[in-house]
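# Secondary and tertiary structure notes
Chain by chain, the residues run as shown.
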There are 2 protein chains.
Amino acid sequence: MRSVSIIGIGQSPVGELWEESAREIAYRAISSAMSEAGIETADALYVGNMLSGSLLEQEHLATLIADYSGLRGIEAAKVEAACASGAAALRMGVMAVASGFHDIVIVAGLEKMTDTIGKDTTAGLAQAADAEYESLHGVSFVALNALIMQRYQYEHNVPLDAFAGFSINAHRNGANNPNAMFQRPISRDTYMRAPVIATPINIMDSSPVCDGAAALVLTPTELAYQWTNGHHPGSVQILASVSATDSLAVHDRRDPLTLDAAVLSCERAFAMAGVTAMDLDLFELHDAFTIMSALSLEAAGFAKRGEGWRMAEEGRIGIDGDVPVSTMGGLKSRGHPVGATGVYQIVEVVEQLTGRAGTNQIKDARLGMAQNIGGSGATVITHILGS
Amino acid sequence: MRSVSIIGIGQSPVGELWEESAREIAYRAISSAMSEAGIETADALYVGNMLSGSLLEQEHLATLIADYSGLRGIEAAKVEAACASGAAALRMGVMAVASGFHDIVIVAGLEKMTDTIGKDTTAGLAQAADAEYESLHGVSFVALNALIMQRYQYEHNVPLDAFAGFSINAHRNGANNPNAMFQRPISRDTYMRAPVIATPINIMDSSPVCDGAAALVLTPTELAYQWTNGHHPGSVQILASVSATDSLAVHDRRDPLTLDAAVLSCERAFAMAGVTAMDLDLFELHDAFTIMSALSLEAAGFAKRGEGWRMAEEGRIGIDGDVPVSTMGGLKSRGHPVGATGVYQIVEVVEQLTGRAGTNQIKDARLGMAQNIGGSGATVITHILGS
């Protein structure tokens, strides 16, 4: 198996991009990544996207974007795994390069959730859950996470502001990310006074509906220098790429408060990369809701069951902490354009590992992990990158 | 790169399966393929599907099906490339095994187009076209193919029944396929009297709306015998796997009467497999509309531009012809459950190459090609299999 490196990254700002269509947003990210990699074409484009069919009435999305990006002719496919679609597309890209099928692959993540001509975004997002056993009963995706958070509060008897630290950290970091949707820090008071959207989830526990695209250029590690003529800012190697799953329906899980798929995904990723959780310099976790941050930290082995929330309270997740998370704002502050998120996470880890994270730069960051979660924990894809 | 073999196939009957939900149809195909391969679990499941979001309000489909099939925990992702979604999922499976990431991969194709709770199937299928430049103007997918067919009639001055032979051949073969949706031969007279649905496409030129799922089990060729304990009916090797693209919008094409992506896809597949078109014992082409059969034969090099239709008239595409097509009924008679079709095609080539095609068996078939087309020619994925 060939080792795979990332030699170019690109991203659009995240936000309500009313003036740009899906293909235009994707093109911005792709052309930027291609430019950084110093390439003019590619062998394939894999696009992570969840909702183009439901919200934009556009499937066949990857081929459309390939053509619009000046890449007519190359292989193209869309990969979908709900909110983990971005990392799922990266999995396909990694395998395409690792296998030897392709030497230059572009992986993009894209979601366009505004300007959807009367489509229901909340109903769209509920498609990440089990349509027949959850959504048809009227449970939205926020409501499912709220049930999990409520159970966590009950079972672990945590204070009302237990999850505030995740939101505060995300907004503090997002304030320094020019591509973030929300570039303002928030206080604990702001968190505590935020309107509740599904008890106990308030608006500051929840990531926003938004548009955005991010892109990566992959090549075999052995060719990374050659393809980029030595002028790129530094390539980053993909040390592990692992996907694991659980039931979509929360009521079918072994334990609704343990992300079994994340445990599996992390264990395998650590083994593949030959590292432990303690070796990581940062962890871009999937903070679609603050409860997911706590559960992810627990599943990765940083905290015991029921104690993940303490890491935020103890200041361990900040840029100077021992496990920095959401270093460019995370899903909460940078934003969560669903199918694009997994690729944004990788872009941000690459920024950290190549010393381009600006004010949020983690000193001497060499090893980073990104974890993209589909649904309320049913698909968990973990990548470990090293520079 | 490891060579990849198919060690198990499975399929549901194609038709209006009102009494079965999407997950149940998929499970039938998957369990049947697993049983044939003699396996009880797998490393990954990739599902080709186009319309689960739009028609069933269910994304996150592959993880759902993995769980329902008793495979909780394994990697799962849905791959979408419009009507070429099935073969696109197979591409991901081939790369997963070829790269060494996985040893046992299940690839399934699934579409559920009936029982969709008031969703518009015609609008769903139009998502294979360019939403902003074609579909928004009211052009359905049938209408786009009709424009291409009309242009073919005009430019090549062909008789009114030029395409009848493709439909007659498909129905003749489908009559012997117990899984086909239509199991009755049709006459030329039936074709000529069929109601027109979008001039000049009549109902006998067009594949039906239907449900169905098909599945494959992949493993490295070097392990094929070992995994199956020597009791499977014979493994089939994937000699080439290639995807190529064109613009979605027909008006953007270099030539609306040449499938450029099919030309590219075939040329690369022939080179990868080290064979020529003339070496093939059968060609499962993508006869969503009879015009596509003619264009595919031309793109693959069997006929000159404007002369593909003659091959049907000259009796060359039947089971005993020199280029048998739609040998188990094709999209026209077996049916076209959109995202599943690409996998059905492979299942049927495997049946031919392992002597299990029954009445439709091609004598001494050793080399077969399957071609799955997304949209009206924008994504073309070609696989060449050998036994």
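Note that the structure is predicted; figures quoted are calculated from it, not measured.

Take the pattern of salt bridges next. For the structure shown, the criterion picks out 44 salt bridges over all chains. The salt bridge partner of aspartate 103 of chain A is arginine 2 of chain A, with a shortest N-O separation of 2.9 Å. One end of the pair, aspartate 103 of chain A, is in the loop between helix H4 (85-99) and strand E4 (105-111); the other, arginine 2 of chain A, is in the segment before strand E1 (4-11), with 101 residues separating them in the sequence. Note on aspartate 103 of chain A: relative accessible area 26%, which makes it partly exposed. One salt bridge connects glutamate 313 of chain A with arginine 188 of chain A, and the closest N-O pair in it is separated by 3.3 Å. Residue glutamate 313 of chain A is located in helix H12 (residues 308-313), and its partner arginine 188 of chain A is located in helix H8 (residues 188-193); the two are separated by 125 residues in the primary sequence. Overall, the relative accessible area of 35% leaves glutamate 313 of chain A in the partly exposed class. The class of arginine 188 of chain A is partly exposed, set by a relative accessible area of 33%. A single salt-bridge network, built from bridges that share partners, covers Asp67 and Arg72 of chain A together with Asp246 and Arg253 of chain B.

With 63 residues of chain A at the contact, the number on the chain B side is 63 residues. For the chain A and chain B pair, buried surface summed over both sides reaches about 4,800 Å², with 55% attributable to carbon and sulfur atoms. If you look at where chain A meets chain B, you find eight salt bridges. Note that arginine 23 of chain A is salt-bridged to glutamate 132 of chain B, the shortest N-O span being 3.6 Å. Across the chain A-chain B interface, the total number found is 30 residue pairs in polar contact (both at pLDDT 80 or more). Of all elements in the fold, only helix H2 (52-56), helix H3 (61-68), strand E3 (75-80), H4, strand E8 (236-245) and helix H10 (260-273) of chain A reach the threshold of two or more residues within the side of chain A that touches chain B. Considering each element in turn, the side of chain A that touches chain B owes the most residues, eight residues, to H4 of chain A. When grouped by side-chain class, the residues that make up the side of chain A that touches chain B number 29 nonpolar, 18 polar and 16 charged.

In this structure, Leu218 of chain A together with Leu218 of chain B are the most contacted members of the largest nonpolar core, which totals 88 residues. Core analysis: the next-biggest nonpolar cluster, separate from the first, contains 68 residues, Met50, Phe270, Leu280 and Ala303 of chain B among them.

What counts as what
Residues numbered from 1 in each chain as written. Chains lettered and ligands numbered in written order. Predicted model: local features only at pLDDT ≥ 70, side-chain atom pairs only at ≥ 80, totals over all residues. Heavy atoms only, no water. Salt bridge = Lys/Arg side-chain N within 4 Å of Asp/Glu carboxyl O. Helix = DSSP H or I, 4+ residues; strand = E, 2+ residues; numbered from the N terminus. Buried < 20%, exposed > 50% of the residue type's maximum accessible area, 1.4 Å probe, protein only. Contact = heavy atoms within 4.5 Å. Buried area = accessible area lost by both parts, 1.4 Å probe. Polar contact = N/O pair within 3.5 Å; in protein donor to acceptor, adjacent residues only side chain to side chain. Nonpolar A, V, L, I, M, F, W, Y, C, P; charged D, E, K, R; others polar. Core = buried A, V, L, I, M, F, W, Y, C linked by side-chain atoms within 4.5 Å.

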